[in-house]
Amino acid sequence: MTPPTIKVTCSNCNLRELCMPMGLNEQQLQRIDDIVATRRKVKRGATLFRNGEAFTSLYAIRTGFFKTCVATEDGRDQVTGFQMAGEIIGLDGIVNDHHTCDAVALEDAEVCVMPFDGLEEISREVTALQSHVHKVMSREIVREHSVMLLLGSMRAEERLAAFILNLVQRLHARGFSSSELVLRMTREEIGSYLGLKLETVSRTFSKFVEEGMVEVKQRHVRILDTAALQRLVNSQHEYNK
């Protein structure tokens with residue numbers, strides 16, 4: 001079945017400042033509106049794109065949460081990232097014209113479909129858009145380097161503290177609380193991303209609760225001592241956004 005699509009205009013979107021460059025005039029916004037023509041709804045657990053699929057579009061997340069993952073040789077899913085509203089996914093497909101991971105919705109979500117051929121064409125006219133796409137790609141490279149640092153040299157407590165702080169920072173930039181968040185992913189998925197066993201993730205959360213750093217009620221996390229979490233992370237490394 002063809003996924004449901006809805007007509008969209010970037011010029012009227014309240015997330016425009018997050019996924020589009022600032023300072024575009026009305027004519028430039030209209031050009032982008034002509035290309036970014038549709039939204040697609042993705043149900044929880046459904047896949048936006050799969051490893052090996054032909055790359056045709058980038059996707060700006062309007063609502064919801066996604067995870068990207070790859071299958072390991074022994075058949076397990078290795079989580080490679082979590083993406084939220086205002087972020088762009090699908091960049092992995094640019095290099096070889098096909099996707100190299102699966103993108104799975106962690107809750108009911110909606111994305112804006114941005115055909116890449118059209119974006120390239122507009123970028124030649126609207127240089128601010130080209131620069132913005134480059135910045136988005138650069139941010140993903142920086143984030144991947146941060147994850148490599150995280151997995152290569154941090155203890156379990158440092159990894160989880162860095163993860164919580166990074167997540168709440170990104171959510172705060174979207175108007176949410178700077179001290180509370182609802183985890184859209186499971187502890188098992190967090191463990192896959194951080195290179196930790198499920199038991200280690202659960203034990204580390206419990207340790208944070210015992211030490212008064214966080215309060216946890218199922219998937220709701222309230223940070224009680226941000227400074228203590230930051231000290232854990234900064235004891236060895238700085239975890240970049």
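None of the values given here were measured: they were computed from a predicted structure.

Trainee: Would you mind going over the overall build of the chain with me for this structure?
Mentor: Per the secondary structure count, the chain includes eight helices and twelve strands. Per-residue burial for the chain yields a buried fraction of 46% across its 241 residues. Counting only contacts in the chain whose residues sit at least 6 apart along the sequence, the fraction spanning at least 24 positions is 73%.

Trainee: Quick question: what am I supposed to make of the packing of aromatic side chains here?
Mentor: The description of an aromatic ring pair uses the distance of the two centres, along with the angle that the planes make with each other. This structure, assessed with the given rule, holds five aromatic pairs. Geometrically, the ring pair formed by Phe82 and Phe163 is edge-to-face, given 5.9 Å between the ring centres and 65 degrees between the ring planes. Pair noted here: Phe82 is in strand β6 (residues 77-84) and Phe163 is in helix α5 (residues 156-172), with a separation of 81 residues, a long-range link. Residue Phe163 is classed as buried on the basis of its relative accessible area, which comes to 4%. One aromatic cluster is present, built from ring pairs that chain together Phe82, Phe163 and Tyr193. The positively charged end of Arg187 is found above the aromatic ring belonging to Phe205, 4.6 Å away from the centroid.

Trainee: Please explain the nonpolar core as it appears in this structure.
Mentor: One broad rule of soluble globular proteins: the nonpolar side chains tend to lie buried together. Counting 35 residues, the largest nonpolar core has Phe163, Leu167, Met185, Ile190, Phe208 and Leu229 as its most contacted members. The set of elements that each furnish at least two residues to this core consists of β6, α5, α6 (187-194), α7 (198-210), β12 (220-223) and α8 (226-234). Of the residues forming this core, the biggest block, ten residues, is contributed by α5. Beyond its immediate sequence surroundings of up to four residues, Phe208 is in contact with Glu157, Leu160, Ala161, Ile164, Met213, Val214, Leu229 and Leu232.

Trainee: What exactly am I supposed to notice about the sheet that holds strand β5 (residues 65-71) here?
Mentor: Sheet strands pair by backbone hydrogen bonding; their relative direction is either parallel or antiparallel. Reading across the sheet, the four strands line up as β3-β8-β5-β6 and stay open at both edges, with antiparallel pairing between neighbours. The open sheet terminates on both sides in strands that have one partner only, identified here as β3 (47-49) and β6. Taking each pair of neighbouring strands and ignoring which way they run, the sheet shows an average axis angle of 30 degrees. Pairing analysis gives two bridges linking β3 to strand β8 (residues 102-105), with the strands arranged antiparallel. The partner of Phe49 across the bridge, within β8, is Ala103. Strands β5 and β6 of the sheet are contacted by α5, whose axis makes an angle of about 30 degrees with β6.

Trainee: Help me understand the pairing of β5, please; the structure alone is not making it clear to me.
Mentor: Residues in a regular strand point their side chains to alternate faces of the sheet. In terms of burial, β5 is largely enclosed, as five of its seven residues are buried. Pairing between β5 and β6: seven bridges, direction antiparallel. Considered in β6, the bridge of Val70 is made with Gln78. Two elements, β5 and β8, share four bridges in a ladder whose sense is antiparallel. Across the sheet, residue Thr68 finds its bridge partner in β8, namely Ala103.

Trainee: Help me out: how do you make sense of the confidence of the model for the chain in this one?
Mentor: The predicted model of the chain has a mean per-residue pLDDT of 84, with 87% of residues at 70 or higher. Long-range and interchain partners of residues 1-7, a stretch whose pLDDT sits below 50, account for 13 contacts in this model, where long-range means more than four residues apart.

Trainee: Would you mind showing me how to read the state of the cysteines here?
Mentor: Scanning the entire structure with this criterion turns up zero disulfides. Left without a disulfide partner, Cys101 is nearest to the cysteine sulfur of Cys69, which lies 7.4 Å away. Overall, the relative accessible area of 8% leaves Cys101 in the buried class.

Trainee: Looking at this model, I keep getting lost on the pattern of salt bridges. Mind explaining?
Mentor: Any two side chains of opposite charge can pair if their charged atoms end up close together. Per the counting criterion, the structure on display carries 14 salt bridges. A salt bridge links Arg174 to Glu87; the shortest N-O distance between them is 3.5 Å. One end of the pair, Arg174, is in the loop between α5 and β10 (180-182); the other, Glu87, is in the loop between β6 and β7 (88-89), with 87 residues separating them in the sequence. Across the pair Glu215 and Arg222 runs a salt bridge whose closest N-O atoms are separated by 3.9 Å. Given the relative accessible area of 31%, Glu215 is considered partly exposed. The network of salt bridges with shared partners includes Arg39, Lys41, Arg62 and Glu110.

Trainee: It is not clear to me how the side chain of Arg170 should be interpreted in this structure. Could you clarify?
Mentor: Of note, Arg170 is situated in helix α5. A distance of 2.6 Å separates a polar atom in the side chain of Arg170 from the backbone oxygen of Phe82.

Conventions used here
Residues numbered from 1 in each chain as written. Predicted model: local features only at pLDDT ≥ 70, side-chain atom pairs only at ≥ 80, totals over all residues. Heavy atoms only, no water. Helix = DSSP H or I, 4+ residues; strand = E, 2+ residues; numbered from the N terminus. Buried < 20%, exposed > 50% of the residue type's maximum accessible area, 1.4 Å probe, protein only. Contact = heavy atoms within 4.5 Å. Phe/Tyr/Trp six-rings, centres within 6.5 Å; stacked < 30°, edge-to-face > 60°. Lys NZ or Arg CZ within 6 Å of the ring centre and 35° of its normal. Core = buried A, V, L, I, M, F, W, Y, C linked by side-chain atoms within 4.5 Å. Pairing = 2+ DSSP bridges. Axes fitted to C-alpha atoms, helices over the stretch in contact; angles between N-to-C directions. pLDDT = per-residue confidence, 0-100. Disulfide = S-S within 2.5 Å. Salt bridge = Lys/Arg side-chain N within 4 Å of Asp/Glu carboxyl O. Polar contact = N/O pair within 3.5 Å; in protein donor to acceptor, adjacent residues only side chain to side chain.

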